[in-house]
Amino acid sequence: MKIAVLPGDGIGKEIVSETLRVLGRLALKFEFEEAPVGGAGYEASGHPLPPATLALAKKADAILFGSVGDPKYDSLESSKRPEQAILGLRKELGLFANLRPAQVYPELADASTLRPEVIAGLDILIVRELTGDIYFGQPKGIRQHESGGREGFDTMRYTEAEIRRIARVAFDAARKRGKKVCSVDKANVLETSRLWREVVDAEAKGYPDIAISHMYVDNCAMQLVRNPKQFDVIVTGNMFGDILSDEASMLTGSIGMLPSASLDANNKGLYEPIHGSAPDIAGKCIANPLATILSAALMLRHSLGQAAAAERLEAAVKKTLRDGYRTADIYTAGTRKVSTVEMASAVAERL
Ligand code: IPM
Ligand code: MG
């Protein structure tokens, strides 16, 4: 199993190296090959996604990704910004289906800013379309406007085929879970969303066992904090999915807990925590490595055909939390505050 390891910037380096150490405890044969990406790619070769890094990602069986971004690159032109690395990987590899599960571990119910009864037992899956929408739609840019000043513009677009394939991913996922899909859009305002809703409804006809509903994105943002347990699978576009998945992560106590899988049509995938590079805490060894460790579990399950190992890894994380280990982001009184390395070691021992 060839894994492309792309730690990236900020805390990406610490959490990825700790995750590799944990994976090393499994009785499986991995070939890890590391390459620079993001700001690190820019430093190494003048481009956030160096051609050699892209080539490595293409030939690997799966990609383990840390995080990219640093304020020191804020003044670079947009094509050189670290974020272009992850956007380029998603587009070049056709990783259109982004799975972002949000589950509340009973041990962390107190760590959430929401009341425990609102979130206890929560288990939702956000299926975010990842290679279309206003992220990639052309034209975009900044241009002179007739009024004299400049204007910035981006274009929101979705083709029927793009909507259909992400809808299918959501319906298939719902079949293995609570059999409910809520499609989120802004069909009261946007043409793109009107087409989205029509295509999702047409696709739903092929899944009579799944209950389909629709919700406007503003209402969904509100419902996620009012009563998140009403949801099973949420399917939505790239932009709305970006925002709603950050919101959903806080239901679980910390954005440091949420893993993600980004899959192509053949389940080849890139696995990354949903959080960013957190430059403010980088190098301090206090970042929570669990989102990346749990992303590695998704990698074992979805791309490497190692479901049993994935379950063992997830069980080890649960046991670690049950035993009271907490990084600073999920610390509550009466638990044990540990560093990035100590947290990963605790998982490795339980594994
Ligand atoms: C995410 C991130 C990325 C996105 C950024 C880093 C480009 O926020 O994966 O959610 O907007 O998709
Ligand atoms: Mg995001």
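Because the structure is a prediction, the values reported are computed rather than measured. (Residues numbered from 1 in each chain as written. Chains lettered and ligands numbered in written order. Predicted model: local features only at pLDDT ≥ 70, side-chain atom pairs only at ≥ 80, totals over all residues. Heavy atoms only, no water.)

Some words on the overall build of the protein chain
Short version of the rule: To qualify as a helix, a DSSP run of H or I must reach at least 4 residues; to qualify as a strand, a run of E must reach at least 2; elements of each kind are numbered from the N terminus. Note on method: radius of gyration uses C-alpha positions; expected globular size equals 2.2 Å times residues raised to 0.38. Residue burial is assigned from relative accessible area. The probe radius is 1.4 Å, only protein chains are included, and a residue is buried under 20% of its type maximum, exposed over 50%, and partly exposed in between. Exposure was quantified through the Shrake-Rupley algorithm and a 1.4 Å probe, taking into account, for residues, occlusion by the shown protein chains and nothing else. When charges are counted, Lys and Arg are positive and Asp and Glu negative, with His and the chain ends excluded. Lys charges are placed at NZ, Arg charges at CZ, Asp charges at CG and Glu charges at CD.
Helix and strand content of the protein chain: 12 helices and 14 strands. Computed over C-alpha atoms, the radius of gyration of the protein chain comes to 20 Å, within 12% of the 20 Å expected from 2.2 N^0.38 for 351 residues, which places it in the range of a compact globule. For the C-alpha atoms alone, the extent of the protein chain along its principal axes is close to 60 × 50 × 35 Å. Here the protein chain holds 351 residues, and 54% of them are scored as buried. For the protein chain, the accessible surface area stands at approximately 15100 Å², while carbon and sulfur atoms represent 51% of it. Of note, the protein chain has its 44 positive side-chain charges centred 3 Å away from the centre of its 45 negative side-chain charges.

Concerning the packing of helix α8 (residues 217-226) against helix α9 (residues 238-251)
Here is the rule: Lines fitted to C-alpha atoms define the axes here, with helix axes fitted over just the stretch in contact, and angles between the N-to-C directions of these axes take values from 0 to 180 degrees. Between 65 and 115 degrees an angle is taken as roughly perpendicular, under 35 as roughly parallel, over 145 as roughly antiparallel, and anywhere else as oblique. Two residues qualify as a contact provided that any one of their heavy atoms is within 4.5 Å of a heavy atom in the partner residue. When residue character is reported, Ala, Val, Leu, Ile, Met, Phe, Trp, Tyr, Cys and Pro are called nonpolar, Asp, Glu, Lys and Arg charged, and the others, Gly included, polar.
Where α8 contacts α9, the two axes come as close as 10 Å, and the packing angle between them is 10°. The angle between α8 and α9 places the two elements in the roughly parallel class. Two secondary-structure elements touch here, α8 through Val217, Cys220, Ala221, Leu224 and Val225 and α9 through Phe240, Leu244, Glu247 and Leu251. Residues belonging to the contact of α8 with α9 are distributed by class as follows: eight nonpolar, no polar and one charged.

Re the environment of Leu87
With respect to the helices and strands, the residue Leu87 is situated in helix α4 (residues 83-92). For the pair Leu87 and Tyr135, spaced 48 residues apart in the sequence, the C-alpha separation amounts to 8.5 Å. Residues contacting Leu87, with those up to four places away along its chain left out, are Tyr135 and Phe136.

Considerations on the pairing of strand β12 (residues 269-273)
Formally: In this scheme, strands are said to pair when DSSP sees at least two bridges between them.
The buried fraction of β12 amounts to five of the five residues, a majority that puts the element mostly inside the structure. Side chains Gly269, Tyr271 and Pro273 project from β12 onto one buried face, and the interleaved Leu270 and Glu272 project onto a second face that is buried too. Across three bridges, strand β3 (residues 62-67) lies against β12 in parallel orientation. Bridge assignment links Leu64 to a residue of β12, and that residue is Tyr271. Looking at chain direction, strand β11 (residues 259-263) and β12 are connected through five bridges and run antiparallel. Bridged to Pro259 within β12 is Pro273.

Observations regarding the domain arrangement of the protein chain
Selection rule: For each domain, the first and last residues come from an automatic or database assignment. Accessible area that two parts lose when put together, evaluated with a 1.4 Å probe and summed over both, is termed the buried area.
Parsing the protein chain into structural domains produces domain 1 (1-96 + 264-351) and domain 2 (104-257). For domain 1 and domain 2, the distance between their C-alpha centroids amounts to 23 Å. Between domain 1 and domain 2, the contact holds 19 residues from the first and 22 residues from the second. A buried area of about 1900 Å², summed over both sides, lies between domain 1 and domain 2, and 69% of it is on carbon and sulfur atoms.

Remarks on the pattern of salt bridges
Here is the rule: Whenever Lys or Arg places a side-chain nitrogen within 4 Å of a carboxyl oxygen from Asp or Glu, that contact is recorded as a salt bridge.
Going through the model one piece at a time under the given rule, you end up with 25 salt bridges. Residues Glu117 and Arg115 are paired through a salt bridge, measuring 2.8 Å at the closest nitrogen-oxygen approach. The same class applies to Glu117 as to Arg115, namely exposed. For Arg128, the salt bridge is made with Asp242, and the minimal N-O distance between the two is 3.8 Å.

A closer look at the packing of aromatic side chains
The way to describe two aromatic rings as a pair is by their centre distance and the angle between their planes. Which entries qualify depends on this criterion: Two rings from Phe, Tyr or Trp (for Trp, the six-membered ring) form a pair when their centres are within 6.5 Å of each other. A pair whose planes differ by under 30 degrees is stacked, one over 60 is edge-to-face, and the rest are tilted. Distance and angle both matter: a charge sits over a ring if NZ of Lys or CZ of Arg is within 6 Å of the ring centre and within 35 degrees of the ring normal.
For the structure on display, the rule yields four aromatic pairs. Relative to Phe32, the ring of Phe30 has its centre 5.3 Å away and its plane inclined at 20°; by these criteria the two rings are stacked. The exposure class assigned to Phe30 is buried, which follows from its relative accessible area of 16%. Phe32 sits in the partly exposed class, given a relative accessible area of 34%. One cation-aromatic arrangement involves Lys91 over Phe136; the distance from NZ or CZ to the ring centre is 4.8 Å. One cation-aromatic arrangement involves Arg165 over Phe96; the distance from NZ or CZ to the ring centre is 4.1 Å.

As for the site of ligand 1
Rules: For each residue, the test is whether any non-hydrogen atom lies within 4 Å of the molecule or strand; if one does, the residue is near. Any N or O atom pair separated by 3.5 Å or less is treated as a polar contact, with the protein-specific requirement of one donor-capable and one acceptor-capable atom, and with residues adjacent in sequence counted only for side-chain atom pairs.
Residues in contact with ligand 1, as listed here, are Glu83, Arg90, Arg100, Arg128, Tyr135 and Asp242. Contacts to ligand 1 include Arg100, whose side-chain N or O atom sits 2.9 Å from an oxygen atom. Contacts to ligand 1 include Tyr135, whose side-chain N or O atom sits 2.5 Å from an oxygen atom. About the coverage of ligand 1: the protein hides 76% of its 320 Å² of free accessible area. The class makeup of the residues in the shell around ligand 1 is one nonpolar, no polar and five charged.

Here's the deal with helix α6 (residues 160-175)
Residues spaced three or four apart along an α-helix point in a common direction, a consequence of the helix completing one turn every 3.6 residues. Filter applied, for reference: Here, expected helix span is obtained from the residue count minus one, scaled by 1.5 Å. Note that the arc is defined by the directions from the helix axis to the C-beta atoms.
With 16 residues, α6 extends 22 Å from end C-alpha to end C-alpha; this agrees with the ideal 22 Å at 1.5 Å per step. Burial in α6 covers these residues: Glu162, Ile163, Ile166, Ala167, Ala170, Phe171, Ala173 and Ala174. End-on, the buried residues of α6 take up no more than an arc of 160°, which puts them together on one face. Lining the buried residues of α6 we find β4 (97-103), β5 (123-129), β8 (180-185), α7 (191-204), β9 (211-216) and β10 (233-236).

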